[in-house]
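Breakdown of the fold
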Amino acid sequence: MFSPNKKQTFSKYKILYMKKNAISKLMTRHHKKLERLLRIFKANIGKNVEKMSESLERLRWEFEKHTFCEEKVMFKFCETENCTDVLKLIKAHDEMLEMLSTIKSDLAVKDSVDISGFLKLIGEHKNLEEKILYPKLDRQLDSEQKKFILRKIREVSYDGSGWNWQ
Ligand SMILES: [Fe+2]
Ligand SMILES: [Fe+2]
């Protein structure tokens, strides 16, 4: 039986994949979520250890889900000559994960940590994807391909309590 909540989220999903900019829209929302977690983390460095650790854990978890969606689903649709260099993007994902691990281990032994390198890399990466990669996929893929991608991302983003759109 459909609960009102499920009904509502189903129509949201249906409307989303039919839009011309469906991929850009969804993935930009994911980026905004990561930015929000990053802001919370930054604001709590040296102030609230509990909130700082919690937001760092959540940031890593969401970052891994996001990059999983990109690497295992979305990038498979990139043709080498048409897409931004996918290997470079994957390399940046690995670098950012490495940086998050270093930030975590630094914070285990000291009160403050320099996250400027991470901020710079994630900012450049986000811009490249939002300005070039996602719009390119939105232009080049047909609605069935987009539907497939969005369905797979939905499976990863589903948090057990309903749709995870933010
Ligand atoms: Fe990415
Ligand atoms: Fe991304």
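Analysis parameters
- Counting restarts for each chain, with residues numbered from 1 along the sequence as it is written.
- Ligands are numbered from 1 and chains lettered from A, in the order in which they are written.
- A pLDDT threshold of at least 70 governs which residues receive local features in this predicted model, and a stricter bar of 80 or more applies before side-chain atom pairs are shown or counted, although totals over entire chains, interfaces and linings include all residues.
- For helices the rule is a DSSP run of H or I covering at least 4 residues; for strands it is a run of E covering at least 2, with both sets numbered from the N terminus onward.
- Residues with at least 20 other C-beta atoms within 10 Å of their own are called buried, those with 12 or fewer are called exposed, and the rest are partly exposed. The C-beta atoms themselves are positioned from the backbone.
- Along the chain, pLDDT gives the predictor's confidence residue by residue, from 0 to 100.
- What counts as a contact here is a pair of residues whose C-beta atoms, placed from the backbone, lie within 7 Å.
- Whenever a helix is involved, its axis is fitted only over the stretch in contact; in every case the axis is a line through C-alpha atoms, and angles between N-to-C directions fall within 0 to 180 degrees.
- Oblique is the label for any angle not under 35 degrees, not over 145, and not in the 65 to 115 range, which are roughly parallel, roughly antiparallel and roughly perpendicular in turn.
- Take the far helix as your reference; a near helix turned counterclockwise from it by less than a right angle gives a left-handed crossing, and one turned clockwise gives a right-handed crossing.
- Classification convention: Asp, Glu, Lys, Arg as charged; Ala, Val, Leu, Ile, Met, Phe, Trp, Tyr, Cys, Pro as nonpolar; all other residues, Gly among them, as polar.
- To estimate the expected span of a helix, subtract one from its residue number and multiply by 1.5 Å.
- Structurally, a nonpolar core is described as a collection of buried Ala, Val, Leu, Ile, Met, Phe, Trp, Tyr and Cys residues joined by way of C-beta atoms within 7 Å.

So, about the overall build of the chain. Along its length, the chain carries six helices and zero strands. When the helices and strands of the chain are read in sequence order from the N terminus, they spell out α-α-α-α-α-α. Taken across its 166 residues, the chain has 19% of its residues classed as buried.

Okay, the confidence of the model for the chain next. Mean pLDDT for the chain: 86, with 82% of residues reaching 70 or above. Scored below 50 in pLDDT, residues 161–166 shows ten contacts in the model against residues more than four places distant or in partner chains.

Two numbers describe a pair of packed helices, the interaxial angle and the distance between the axes. Relative orientation of the contacting elements helix α3 (residues 49–72) and helix α4 (residues 86–109) amounts to 165°, with a least axis distance of 11 Å. Here α3 is positioned roughly antiparallel relative to α4, judged by the angle of their axes. Considering how the two elements wind past one another, α3 and α4 form a crossing that is left-handed. Residues Leu-56, Arg-60, Phe-63, Thr-67 and Glu-71 of α3 touch α4, and the partners they reach there are Ile-90, His-93, Met-96, Leu-100, Ile-103 and Lys-104. Of the residues assigned to the contact of α3 with α4, the class counts are six nonpolar, two polar and three charged.

Moving on: helix α5 (residues 116–140). Counted at 1.5 Å a residue, the expected span for α5 with its 25 residues is 36 Å, and the 35 Å between its end C-alpha atoms agrees. Those residues of α5 that sit buried are Ile-122, Glu-129, Leu-133, Tyr-134 and Leu-137. Those residues of α5 that are buried lie in contact with α2 (22–44) and α4.

The next thing to look at is α2. Here α2 contains 23 residues, and its C-alpha end-to-end distance of 34 Å stays within 8% of the 33 Å for a straight helix at 1.5 Å per residue. Those residues of α2 that sit buried are Ala-22, Ile-23, Ser-24, Leu-26, Met-27, His-30, Lys-33, Leu-37 and Phe-41. Looking one or two residues beyond α2, the residue adopting positive phi is Gly-46, at roughly 75°.

On to the nonpolar core, then. Residues Ala-22, Ile-23, Leu-26, Met-27, Cys-69, Met-74, Leu-133, Tyr-134, Leu-137, Ile-149, Leu-150 and Ile-153 constitute the largest nonpolar core, which totals twelve residues. Mapped onto this core, the elements with two or more residues apiece are α2, α5 and α6 (143–157). In terms of residues, this core owes the most to one element, α2, which gives four residues. Ranked by size, the runner-up nonpolar core spans nine residues in total, among them Phe-41, Met-52, Leu-56 and Leu-100.

This brings us to the environment of Trp-61. With respect to the helices, strands and loops of the structure, Trp-61 is situated in helix α3. Taking the number of C-beta atoms within 10 Å as the measure of exposure, Trp-61 has 11 and is therefore exposed.

As for its position among the elements, Asp-114 is in the loop between α4 and α5. The class of Asp-114 is exposed, set by 10 C-beta atoms lying within 10 Å. Each C-alpha atom of the pair Asp-114 and Ile-103 lies 7.8 Å from the other, and the pair is eleven residues apart in sequence.

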